[in-house]
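# An overview of the molecular structure
What follows is each chain in one-letter form.
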Amino acid sequence: MSIRTSFLFVYLLQFGFAMLLKYLSFLGDTSSETHEAILKYFTEEDLRKGIEYDRRGFFASLASEWIDVFLTGLLVFTPFSVKIEDFLLRKTGQRFYFAAALFLLALGFFKFLIGLPFHYYFGYVLEHRFGFSAMTLWDWILYTTKSLLVGTAISLPLGLGSIFILRKFTSSWKYIITAGSLVLGLAFSVLFPIFITPLFYEYHPIEEGSLKSKIVDLCHRAKIEVSDVYVINESKYSGHTNAYFTGWGTNRKIFLYDTLIQKHTEAEVISVLGHEIGHWVHNHQTKDILIGTAETFLLCFVLAYLFRKTKEENRLPLKEFSSPSSLPFLFLVLSLVGTVTRPVWSTLSRMQESQADLEALVLTKDKEAFIEAEKKLAKDNRSRLNPNRWEVLLEHSHPTTLERIHMAEGFSGE
Ligand SMILES: [Zn+2]
């Protein structure tokens with residue numbers, strides 16, 4: 001079998017696999033044990049609401065996936081992409097980087113336009129239908145335009161920079177790209193809350209009061225230094241509740257959604273925060289960055305090898321490794337590899353989430369608040385309470401709500 005046929009075969013196989021997972025995810029976990037276990041903590045109504053929300057826009061999401069597969073196929077398996085690059089090179093008088101920038105912009109804008117109806121349907125229509133969105137149509141247009149501009153301002157220099165490195169350092173590029181992605185990743189997580197978050201949100205340090213002093217006390221017990229706990233106005237956009245942290249080393253900041261503080265008791269907020277601190281004290285972020293860097297390094301070799309072999313065979317329209325028209329091919333390889341590595345990442349993530357849950361319980365010694373917080377989070381976000389087991393195993397970043405509650409029930413002190 002030629003490499004071209006192998007690619008086509010694996011590509012279709014991946015598509016079939018994605019469709020199978022979508023079908024399983026639609027079904028969920030229909031076992032009677034799960035049903036009974038759920039009803040110990042939730043009502044039939046909660047269960048139904050989660051299923052409805054999880055299944056929202058099912059056919060639209062299928063359509064979106066089909067279009068994606070078709071267009072990627074078109075760009076990789078036909079000379080379309082090479083023709084566009086040649087056209088741009090002619091129009092710019094063979095000025096390579098100018099043509100490359102236009103190519104990246106055209107590709108990005110084209111992807112944006114194709115995805116726009118789906119963004120609108122999922123991000124605006126359905127979020128309103130389920131009562132989550134607080135945005136007017138104008139807010140949504142503004143938000144989407146801003147995201148497009150910010151995304152372009154970040155990804156265009158990154159794309160051009162990568163092309164420059166590939167062209168200039170034909171043998172050492174693997175090391176430069178790996179080191180560069182590590183440094184940029186670290187810098188980005190420090191700079192993101194300073195430069196990007198304020199473009200979309202307002203946030204302020206948490207007010208003095210009993211919640212603040214409980215937070216200070218919690219951090220003290222966890223032996224971590226935290227000066228920055230912020231409340232961020234998610235309520236401007238939606239009713240979803242969450243908390244997260246960003247940054248690195250002494251630059252770490254905790255963000256609590258205002259929606260979380262409005263809907264939860266102080267003990268529950270502390271439990272959620274205890275979970276975030278759990279990630280922190282177990283250095284999950286550092287571990288993920290190290291594994292991610294090793295993955296990037298290996299991926300460089302895989303991409304270079306497969307590109308060389310495919311080009312040697314000469315049955316796919318490919319120019320140079322560093323040509324912008326090779327991007328669809330490289331993205332295809334990344335997505336195929338991703339199908340294999342995603343379950344590994346999601347398993348690692350679920351392990352880390354459980355560890356953070358356990359840390360929250362150890363720190364707060366308050367399993368009632370933990371369980372109440374889990375219940376409320378699931379209800380408020382209309383979480384699917386009976387997700388399919390295969391879907392959880394292969395794709396979920398978090399254990400199911402029921403697993404998290406059961407873990408807390410089994411927690412005994414230390
Ligand atoms: Zn977490």
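The model shown is predicted, which means the values in this text are computed figures rather than measured ones.

### Overview of the nonpolar core
- Core analysis: the largest hydrophobic core is formed by 35 residues, its most contacted members being Ile206, Ile215, Ile254, Leu256, Leu260 and Ile277.
- For this core, the leading source of residues is helix α11 (residues 266-281), giving six residues.
- Here this core spans two domains, and each of domain 1 (3-201 + 283-354 + 384-409) and domain 2 (204-280) adds at least three residues to it.
- Excluding its chain neighbours within four sequence positions, the residues that come into contact with isoleucine 215 are Ile206, Val229, Leu256, Ile270 and Leu273.
- Formed by 21 residues, the second largest nonpolar core is a distinct cluster that contains Ile177, Cys300, Phe307 and Leu330.

### Looking at helix α1 (residues 3-27)
- If you check α1, its first and last C-alpha atoms are 36 Å apart, about what 25 residues at 1.5 Å a residue would give, namely 36 Å.
- Within α1, the full set of buried residues consists of Phe7, Tyr11, Gln14, Met19, Leu21 and Ser25.
- Buried residues belonging to α1 abut α3 (44-54), α4 (58-77), α12 (284-313), α13 (327-364) and α15 (389-395).
- Glycine 28 sits one or two residues past α1 and shows a positive phi near 75°.

### A closer look at the coordination of the zinc ion
- Each protein donor to the zinc ion is listed here as His275 (NE2), His279 (NE2) and Glu353 (OE); together their distances run 2.0 to 2.1 Å.
- Written as a sequence motif, the donor arrangement for the zinc ion is H-x3-H-x73-E. Linking histidine 279 in helix α11 with glutamate 353 in helix α13, this pair joins segments that are 74 residues apart in sequence. Across the pair, exposure class does not vary: histidine 279 and glutamate 353 are buried alike.

### Digging into the pairing of strand β2 (residues 229-232)
- The alternating pattern of β2 places Val229 and Val231 on one face and Tyr230 and Ile232 on the opposite face, and all of these are buried.
- Relative to strand β4 (residues 253-257), β2 runs parallel, the two being bridged by four bridges. Bridged to valine 231 within β4 is leucine 256.

### Let's talk about the environment of asparagine 314
- The topology assignment puts asparagine 314 in the loop between α12 and α13.
- You can call asparagine 314 exposed: its relative accessible area is 62%.
- Separated by 310 residues in the primary sequence, asparagine 314 and arginine 4 have C-alpha atoms spaced 9.0 Å apart.

### Structural notes on the domain arrangement of the protein chain
- When its domains are assigned, the protein chain resolves into domain 1 (3-201 + 283-354 + 384-409) and domain 2 (204-280).
- Just the C-alpha atoms count here: the centres of domain 1 and domain 2 sit 28 Å apart.
- With 22 residues of domain 1 in contact, the opposing surface of domain 2 contributes 22 residues.
- Taking both sides of the interface into account, the surface hidden between domain 1 and domain 2 amounts to around 1800 Å²; carbon and sulfur atoms contribute 54%.
- Considering only the side of domain 1, the residues that lose the most area to domain 2 are Phe132, Tyr201 and Gln285, jointly responsible for 29% of the buried surface there.
- On the surface where domain 1 and domain 2 come into contact, there are zero salt bridges.
- Linking domain 1 with domain 2 are twelve residue pairs in polar contact (both at pLDDT 80 or more).
- At the level of secondary structure, the elements contributing two or more residues to the side of domain 1 that touches domain 2 comprise α8 (173-200), α12 and α13.
- With six residues, α8 is the single largest residue contributor to the side of domain 1 that touches domain 2.

### Comments concerning the UniProt feature "domain: CAAX prenyl protease 1 N-terminal" (unreviewed entry) in the protein chain
- The sites that carry the UniProt feature "domain: CAAX prenyl protease 1 N-terminal" (unreviewed entry) are, in the present numbering, residues 36-201.
- This span, residues 36-201, is 85% helix and 0% strand, and a straight line between its end C-alpha atoms measures 41 Å.

### Regarding a nonpolar patch on the surface
- Together, Tyr97, Phe164, Phe169, Tyr175, Ile176 and Phe301 line one region of the surface with nonpolar side chains, adding up to about 540 Å² of accessible area.
- Tracing the backbone shows tyrosine 97 in helix α6 (residues 96-129).
- For tyrosine 97, a relative accessible area of 33% puts it in the partly exposed group.

### What about the UniProt feature "active site" (unreviewed entry) in the protein chain?
- According to UniProt, the feature "active site" (unreviewed entry) maps to Glu276 and Asp357 in the numbering used here. Considering the C-alpha atoms alone, the annotated residues occupy 82 residues of sequence yet fold into one spot, their largest mutual distance being 8.6 Å.
- With respect to the helices and strands, the residue glutamate 276 is situated in helix α11.
- Here glutamate 276 falls in the buried class, since its relative accessible area comes to 10%.
- When near neighbours in sequence (up to four residues on either side) are disregarded, glutamate 276 contacts Ala243, Tyr244 and Phe245.
- Its location among the elements puts aspartate 357 in helix α13.
- Note on aspartate 357: relative accessible area 2%, which makes it buried.

### Let's talk about the environment of arginine 55
- As for its placement among the helices and strands, arginine 55 is situated in the loop between α3 and α4.
- What makes arginine 55 partly exposed here is its relative accessible area of 29%.
- Separated by 21 residues in the primary sequence, arginine 55 and valine 76 place their C-alpha atoms 31 Å from one another.
- Setting aside residues up to four positions removed in sequence, arginine 55 forms contacts with Phe26, Leu27 and Arg384.
- Looking at arginine 55, its side chain comes within polar contact range of the main-chain oxygen of phenylalanine 26, at 2.9 Å.

### Some points on unusual backbone geometry
- Phi at lysine 223 takes a positive value of approximately 55°, unusual for a residue other than glycine.
- The residue lysine 223 is located in the loop between α9 (210-221) and β2 in this model.
- Relative accessible area serves as the criterion here: at 76%, lysine 223 is assigned to the exposed category.
- In this model, asparagine 314 sits at a positive phi of 65°, which is unusual for a non-glycine residue.

Cut-off values and rules
- Residues numbered from 1 in each chain as written.
- Predicted model: local features only at pLDDT ≥ 70, side-chain atom pairs only at ≥ 80, totals over all residues.
- Heavy atoms only, no water.
- Core = buried A, V, L, I, M, F, W, Y, C linked by side-chain atoms within 4.5 Å.
- Buried < 20%, exposed > 50% of the residue type's maximum accessible area, 1.4 Å probe, protein only.
- Helix = DSSP H or I, 4+ residues; strand = E, 2+ residues; numbered from the N terminus.
- Domains from an automatic or database assignment.
- Contact = heavy atoms within 4.5 Å.
- Expected span 1.5 Å × (residues − 1).
- Donors = N, O, S within 2.8 Å, 3.2 Å for Na, K, Ca; no water.
- Pairing = 2+ DSSP bridges.
- Buried area = accessible area lost by both parts, 1.4 Å probe.
- Salt bridge = Lys/Arg side-chain N within 4 Å of Asp/Glu carboxyl O.
- Polar contact = N/O pair within 3.5 Å; in protein donor to acceptor, adjacent residues only side chain to side chain.
- UniProt positions renumbered as here; feature names shortened; annotations may be inferred.
- Patch = residues over 30% accessible without salt bridge, like charges linked within 9 Å, V, L, I, M, F, W, Y side chains within 5 Å.
- Areas by Shrake-Rupley, 256 points an atom, 1.4 Å probe, with all protein chains shown as cover.

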